[in-house]
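Summary of structural features
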Amino acid sequence: MIEVILKKGKEKAVLQRHPWLFSGAIERVKGKPANGDVVKLLNDRGDFMAYGFYNGQSRVALRLLDWNEETEINEDWLRKKVRLAVSSRSNLLTPATNTYRLIFSEADYLPGLIVDKYADYLAVQVLTSGIERLMPVVIDELDKLLKPEGIFDKSDASSRAHEGLETNHAVLAGKHPPESVEVTENGVKYSINIAEGQKSGFYCDQRDNRDIVAKHAKGKKVLDCFSYTGGFTLNALKNGASSVLSVDSSALAIDTLNKHISLNNLDASKHTAVQSDVNKQLRILRDQGDKFDIVVLDPPKYAPSRSALDKASRAYKDLNRLGMLLLESGGLLATFSCSGAMDIDTFKQVLAWAALDAGKEVQFIYQFCQPKDHPVRASFPEGEYLKGLLCRVY
Ligand code: SAH
């Protein structure tokens, strides 16, 4: 096995079992590993440190896999990790929910592998060359464990490019998913277009939060911003919201959301969907003097990295200021950030600034987080990306 030697003084993060090793921490590589090879990491004195996937093109040159020298990183090791991840989610499958994340990359000790379950279909994202190479075994194990109708590759182009991988949208096993796969989450039905939808087709990370927000919605007037295909909207209507206005810039998302209203036999007269830029639409609503009891803000990732945090904070502040202005006194703001670079304390600070600018008093009454199928590994805090606050606004 090819050996990679760590620079002197760069041991700390490895000893703390952080799964990323940046190229700058490497002193030298003994030999010429191919991208995706499993290599052995040694410190400058030649002591074993960890095994990892190598990628000479990525800033994260090594994705560390195991810190025990006795472990063999082979097919059995891989099958065991897949089995562990899948079995740890077995209690999530209920008559009310048949869609969730089965494997969450580093958090499940499989860096670069994401697998989502959509009823009888699986959608896979392969983001590292190490996992790419092992996919035949991963697929075989998933097939054995879950017997899906089909497994579809939905790998995201931009993250793959970092590892020198091409985009791959293809059937990996079984049947091509039909244009519409019907899934259920919290008893709400969705029709998912696995091949064409955003990301892997559905944001299952908001499952618990949709339920929590909906519990406040009975008899309330709700504004769902960045609605996508209606996660928050549908749960709110099902729980008796008096009306919901959904806003999203994607025509396909709005079209699918309208279909979801009838799929769930919800009263379409209580729902309006607007295809528009949220920042523009919030100003229109403000100028019209519209007010809501609950405002949901679930924007896309504004801060892709730490360096983008300042600019992103200003965008979050402006968005939340507008959201606050649209609330009746005592109304609820359910506001989220899926930027890993934005931690909860910074997010609270941003909301405090937004409150000042809006001239509002804000109480944080609940803290949202990512659900159980998106675990945060203790040695990998970067995996904690979804956070939110339920605020009462006066
Ligand atoms: N709340 C959704 C998920 C939101 S994902 C759910 O529960 O499923 C973010 C959404 O924001 C996407 O649907 C995307 O189309 C939309 N979006 C991104 N930028 C936008 C903008 N400026 N205005 C309106 N929608 C936007």
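See the structure shown above.
As the structure is a prediction and not an experimental result, all values here were calculated from the model.

Right, let's get into the nonpolar core. Residues Tyr118 and Ile194 are the most contacted members of the largest nonpolar core, which totals 38 residues. Elements with a minimum of two residues in this core: strand S9 (121-126), strand S12 (181-185), strand S13 (188-192), helix H6 (231-238), helix H7 (251-263), strand S17 (292-297) and strand S18 (327-337). Residues Leu351, Ala354, Ala355 and Ala358 belong to the second largest nonpolar core, which totals 33 residues.

Structurally, Thr256 is set in helix H7. Filtering out sequence-adjacent residues up to four positions away, Thr256 remains in contact with Ser191 and Thr229.

Neighbouring residues of the ligand: 16 residues in total, closest Arg210, Phe226, Asp248, Val278 and Asp298. Here an oxygen atom of the ligand and a side-chain polar atom of Arg210 are 2.9 Å apart. The separation between an oxygen atom of the ligand and a polar side-chain atom of Asp248 is 2.7 Å. Here the residues of the shell around the ligand are counted per class, giving 6 nonpolar, 6 polar and 4 charged.

Another aspect to go through is the side chain of Ser313. Within the secondary structure, Ser313 sits in helix H9 (residues 309-325). Relative accessible area serves as the criterion here: at 9%, Ser313 is assigned to the buried category. Here Ser313 is in contact with Met342 and Val350, once residues within four sequence places are set aside.

About the criteria used
Residues numbered from 1 in each chain as written. Predicted model: local features only at pLDDT ≥ 70, side-chain atom pairs only at ≥ 80, totals over all residues. Heavy atoms only, no water. Core = buried A, V, L, I, M, F, W, Y, C linked by side-chain atoms within 4.5 Å. Buried < 20%, exposed > 50% of the residue type's maximum accessible area, 1.4 Å probe, protein only. Helix = DSSP H or I, 4+ residues; strand = E, 2+ residues; numbered from the N terminus. Contact = heavy atoms within 4.5 Å. Near = heavy atom within 4 Å. Polar contact = N/O pair within 3.5 Å; in protein donor to acceptor, adjacent residues only side chain to side chain. Nonpolar A, V, L, I, M, F, W, Y, C, P; charged D, E, K, R; others polar.

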